[in-house]
Amino acid sequence: MSISIQHISKSYEDVTALKDISFEVKEGELFGLIGPDGAGKTTLFRILTTLLFADEGTATVAGYDVVDNYKDIRNHVGYMPGRFSLYQDLTVEENLTFFATIFGTTIEENYDLIKDIYVQIEPFKNRRAGKLSGGMKQKLALSCALIHKPNVLFLDEPTTGVDPVSRKEFWEMLKRLQKKGITMLVSTPYMDEAALCDRIALIQDGAILEIDTPQEIIKHYPKKIYDIKANNMYELILYLNEYQYNHSVYPFGEFIHYTDKRDDFNPDELVQFLKDKGLENITIQPTATTIEDTFMELAR
Amino acid sequence: MKKTNIIQAKNLTKKFGDFTAVNAITFEVKQGEIFGFLGANGAGKTTAMKMLIGISTPTSGEAEVAGLDVYKNPEGIKKSIGYMSQKFALYDDLTVKENITFFGGIYGLSRQQIKEKSTLLINELGLQKVAGELVGSLPLGWKQKLAFSVALLHDPKIIFLDEPTGGVDPITRRQFWEMIYKTAYEGTTVFVTTHYMDEAEYCNRVSIMVDGKIEALDTPKKLKEQFNVASMNDVFLKLARG
């Protein structure tokens, strides 16, 4: 096991950040921690990177205990925090050299590992980090987290606030790193990124809702979901919420995702109900479950 | 009856030195519409939005917001619009009630109006129990919903939302969008930026900015047809990746 977490709990004064968390990440796995702000993702990252003590429980990373062997862990893991934490007034190259030196290595020695990423910002190597665009800062931070060739890489919300194009590129970079044998634990509030991980843990309010492969998690969803559309989406939401048999009603892109309490649900009945309310152009059809549907069902 | 335009921009441009951040954008937003304003990081969305809300003077071009000229009457625009961003919305070290009173005062509401609105809003959001608590102690989702309501205190004709749902959990994100639907249903225009492409599908019309220009503007359905793809995410990737 590359990361092993056993019964970790952590509280800040009267707020419980993590409640009895246990899971394992296998060697070479790309593992996703999926959950909204305040779920406890950053607290868990800080415990695993030896920056914070847990109140209870134990954890090992790359075979080292997070408390007893904290110095070893620091040499073997890379950590890209959620907030940009490089030196704004050092240049791109100076930042990278700085981190290489701290870990007793050089840019040249591990250039192979960061090459793919670093070549994209190399033309700006004399620019101060503070003057880089969001996407470039992200690439520099990743290069700095990789420069000492870590076995395990922690990425805390690397794509938050990043546009879909840069997000897609970033995940392509992670997939390439995975091929080089690096184990990754990555957190994200974007549910669509869950599908890109080997396994995921859904987390909310400091507790794990479910752990499995994205495909299995989707399979566990207990209901059949219907896409519903009508001429007035706001009224459609109101009337679906009014409908006595509704189990869940969630806006989902151009449709509403609807589930019914009954096993023998007849969509025609619902369409008639909506027609009687004055809605027009009503369409209803079964649709595929997404991770987000599952997350919402578990978080209810 | 033809719906009136609440935003009208023609060749609106903003330059910083040699750099053209917003390059002659022309578009209209109708009263009561949910308008999605999309673009990659650095495409010029924030700069464009700043001109429309009266805090940045354009280099050239024309724009009217709520019937007011962005050059002649930026102060008038600020009073006529609501604004909420993810980065700054409310004061964490004021209570829920104090925030409402403070922003009510800023928007020039009378004491009586503030009192009425305050009660109404707290009841609608179900915040009765935490009305006296510091906003900083509330979960992010509650804060965002409260911030949205506060930005509507003075019944603006249009509300600008700058990435209002970043990091918010999926259920709250949907409750937030239900509030947006309701607001538009009641006639207020909603101008919203987001990085969640499923949210782009909630909008009546969507514009996509690339390198300072509006490269696409239509209903999500027509944009998907035009680019022959299944989702707004794919439209975005096709456009922004060039």
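Residues numbered from 1 in each chain as written. Chains lettered and ligands numbered in written order. Predicted model: local features only at pLDDT ≥ 70, side-chain atom pairs only at ≥ 80, totals over all residues.

Q: Explain the overall build of chain B to me, please; I cannot follow it from the model alone.
A: A count of helices and strands for chain B gives nine helices and 10 strands. Compactness check: chain B gives a C-alpha radius of gyration of 18 Å against a globular reference of 18 Å for 242 residues, within 12% of the reference. When its C-alpha atoms are laid out on the principal axes, chain B stretches across 50 × 40 × 40 Å. In chain B, buried positions account for 45% of the 242 residues. (Helix = DSSP H or I, 4+ residues; strand = E, 2+ residues; numbered from the N terminus. Rg over C-alpha atoms; globule rule 2.2 N^0.38 Å. Buried ≥ 20, exposed ≤ 12 C-beta atoms within 10 Å, placed from the backbone.)

Q: Please explain the domain arrangement of chain A as it appears in this structure.
A: Interfaces are often described in size by the accessible area the parts lose on coming together. Residue and element names in this part refer to chain A. Structurally, chain A comprises domain 1 (3-216) and domain 2 (225-298). The partner domain 2 presents five residues to the seven residues of domain 1 that form the contact. Classifying every residue of the side of domain 1 that touches domain 2 by side-chain character gives six nonpolar, no polar and one charged. (Domains from an automatic or database assignment. Contact = placed C-beta atoms within 7 Å. Nonpolar A, V, L, I, M, F, W, Y, C, P; charged D, E, K, R; others polar.)

Q: Got a minute to help me understand the interface of chain B and chain A in this structure?
A: Each side of the interface is counted separately: chain B has 28 residues, and chain A has 29 residues. For the side of chain B that touches chain A, the secondary structure elements donating two or more residues are helix H6 (170-185), helix H7 (197-200) and helix H9 (232-241) of chain B. Per-element tally for the side of chain B that touches chain A: the top contributor is H6(B), with eight residues. Classifying every residue of the side of chain B that touches chain A gives 15 nonpolar, six polar and seven charged.

Q: Teacher, can you tell me more about the pairing of strand S13 (residues 255-260) of chain A here?
A: Put simply, side chains in a regular strand alternate between the two faces of the sheet. All names here are of chain A. Counted residue by residue, S13 has six buried out of six residues, so it is predominantly covered. Residues Phe255, His257 and Thr259 point to one face of S13 and Ile256, Tyr258 and Asp260 to the other, with burial holding for every one of them. Of the strand pairs in this sheet, strand S11 (residues 225-229) and S13 are connected by three bridges, and their pairing is antiparallel. Bridge pairing in S13 links Tyr226 to Tyr258. (Pairing = 2+ DSSP bridges.)

Q: How should I be thinking about the environment of Thr188(B) in this particular structure?
A: Within the fold, Thr188(B) resides in the loop between H6 and strand S8 (189-193). Non-local contacts of Thr188(B), meaning those with residues more than four positions away in its chain, are made with Pro156(B), Lys157(B), Ile158(B), Ile159(B) and Thr183(B).

Q: Is there a simple way to explain the environment of Val168(B) in this structure?
A: Structurally, Val168(B) is set in the loop between strand S7 (158-162) and H6. Residue classification places Val168(B) among the buried residues on the basis of 25 C-beta atoms within 10 Å. With sequence-adjacent residues up to four places away left out, Val168(B) is seen in contact with Pro36(A), Asp37(A), Leu140(B), Gly141(B), Gln144(B), Arg173(B) and Phe176(B).

Q: Sorry, what's going on with the confidence of the model for chain B here?
A: Atomic detail in the predicted coordinates should be set aside for any region of low pLDDT. Looking at chain B, pLDDT values average 92 and 98% of them are 70 or higher. This prediction of the complex comes with two scores: 0.87 for pTM and 0.84 for ipTM. (pLDDT = per-residue confidence, 0-100.)

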